[in-house]
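# Descriptive structure summary
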Amino acid sequence: MRAYFVQIKCELGKSYEVASAIADSEIASEIYSTAGGFDLLVKLYLEEDQDVGRFIADRIQTVPGIRDTYTLVTFKAF
């Protein structure tokens, strides 16, 4: 499994609804609210052969209230 982090910009006033929708879908291992350019930080794990682009497009970006995403690919945990 490979860890990915997805930063999410939400529509104004929608970050709690977006976080709840992601949590309810049980696709993320952790969800954090953040300050700065993005509203949420989502940590998820995917199988090595799973298409992360398709997963983000189909399972994250389709959540109502999301305006933008930025995906970080990880390589090694220390």
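A short tour of the structure in this document, coming up. (Residues numbered from 1 in each chain as written. Predicted model: local features only at pLDDT ≥ 70, side-chain atom pairs only at ≥ 80, totals over all residues. Heavy atoms only, no water.)

Turning our eyes to something else, we now look at the packing of aromatic side chains. Scanning all chains against the criterion turns up one aromatic pair. Here the aromatic rings of Phe38 and Tyr70 are separated by 6.3 Å at their centres, their planes lie at 40 degrees, and the arrangement is tilted. One end of the pair, Phe38, is in the loop between strand 2 (30-33) and strand 3 (40-46); the other, Tyr70, is in strand 4 (residues 66-73), with 32 residues separating them in the sequence. In this structure, Lys9 is placed above the aromatic ring of Phe38, and the distance from its NZ or CZ to the ring centre is 5.2 Å. (Phe/Tyr/Trp six-rings, centres within 6.5 Å; stacked < 30°, edge-to-face > 60°. Helix = DSSP H or I, 4+ residues; strand = E, 2+ residues; numbered from the N terminus. Lys NZ or Arg CZ within 6 Å of the ring centre and 35° of its normal.)

A few words on the environment of Met1. Within the fold, Met1 resides in the segment before strand 1 (2-10). In this structure the C-alpha to C-alpha distance between Met1 and Leu44, which are 43 residues apart in sequence, comes to 9.6 Å. For Met1, the residues in contact, after removing those within four places along its chain, are Tyr45, Leu46, Glu47 and Glu48. (Contact = heavy atoms within 4.5 Å.)

Here we have four strands laid out as an open sheet, ordered 2-3-1-4, and antiparallel in their pairing. With one partner strand each, in any of the chains shown, strand 2 and strand 4 form the two edges of the open sheet. This sheet shows a mean twist of 20 degrees between the axes of neighbouring strands, independent of strand direction. In the sheet, strand 1 pairs with strand 3 via seven bridges, with the strands oriented antiparallel. Within the sheet, the bridge partner assigned to Gln7 lies in strand 3 and is Leu41. This element, helix 1 (residues 15-25), spans strand 1, strand 2, strand 3 and strand 4 of the sheet and lies at about 15 degrees to strand 3. (Pairing = 2+ DSSP bridges. Axes fitted to C-alpha atoms, helices over the stretch in contact; angles between N-to-C directions.)

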